[in-house]
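Observations on the model geometry
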Amino acid sequence: MNIALIAHDKKKQDIISFSIAYKHVLQKHNLYATGTTGKLINEATDLRIHRFQSGPLGGDQQIGAMIANNEMDMVIFFRDPLTAQPHEPDVSALMRLCDVHLIPLATNLAAAEITVRALERGDFQWREIVKRTKA
Ligand SMILES: O=C(CO)COP(=O)(O)O
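Computed from a prediction, not measured in an experiment: that's the story for all the values here. (Residues numbered from 1 in each chain as written. Predicted model: local features only at pLDDT ≥ 70, side-chain atom pairs only at ≥ 80, totals over all residues. Heavy atoms only, no water.)

Focus on the sheet that holds strand S3 (residues 49-51)
The five strands are arranged S3-S2-S1-S4-S5 in an open sheet whose pairing can be described as parallel. Of all strands in the sheet, those with a lone pairing partner are S3 and strand S5 (105-106), marking the two edges. One ladder, built from four bridges, connects strand S1 (residues 2-7) with strand S2 (residues 30-33); its direction is parallel. Along S2, the bridge assignment pairs Asn 2 with Asn 30. Across the sheet, helix H5 (residues 88-100) touches S1, strand S4 (74-78) and S5, and the angle it forms with S4 is around 145°. (Pairing = 2+ DSSP bridges. Helix = DSSP H or I, 4+ residues; strand = E, 2+ residues; numbered from the N terminus. Contact = heavy atoms within 4.5 Å. Axes fitted to C-alpha atoms, helices over the stretch in contact; angles between N-to-C directions.)

Take a look at the structure:
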């Protein structure tokens, strides 16, 4: 599965802890991230991650493009709901595309834990079927 990992600055520690805790699951998949998030996760876990631009510089849009192309299977995006983001339109666009294309989106640690456990259990096999039928 192709998985995107993204976190706003005040949630970076959360996504690092999450990635350490679920490294055994995440390492079996293709990982993508916005620039700074990917760098920090890689430094903390050694997980191989394809890094896009930093979010404010277009990283959210690059991940959005993968969603639009049916190339992303899951998005874990730890948003900071209490801080205004200069690139808020990009953040909204990314979440909108998840809804347009039925891509599971976890926007906080609690939802991410449930999602990644479902992934571990094999609950995401339906994505392979969707990808085959849309190809
Ligand atoms: O701003 C972000 C998502 O909207 C995250 O970007 P960085 O991972 O580059 O900090």
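Examining the UniProt feature "binding site: substrate" (unreviewed entry) in the protein chain
UniProt records the feature "binding site: substrate" (unreviewed entry) for His 8, Lys 12, Thr 34, Gly 35, Thr 36, Thr 37, Ser 54, Gly 55 and His 87 in the present numbering. Lining the largest pocket, from the residues named above, are His 8, Lys 12, Thr 34, Thr 36, Thr 37, Ser 54, Gly 55 and His 87. Mapping Lys 12 onto the fold places it in helix H1 (residues 12-21). Residues within four places of Lys 12 in sequence aside, it is in contact with Ala 7, Thr 36, Thr 37 and Leu 40. A polar atom in the side chain of Lys 12 sits 2.7 Å from the backbone oxygen of Ala 7. Its location among the elements puts Gly 55 in the loop between S3 and helix H4 (59-68). Here Gly 55 is in contact with Thr 34, Asp 60, His 87 and Asp 90, once residues within four sequence places are set aside. (UniProt positions renumbered as here; feature names shortened; annotations may be inferred. 1 Å grid on protein atoms, 1.4 Å probe; cavity = no way out; pocket = protein on both sides within 12 Å on 5 of 7 lines; lining within 4 Å. Polar contact = N/O pair within 3.5 Å; in protein donor to acceptor, adjacent residues only side chain to side chain.)

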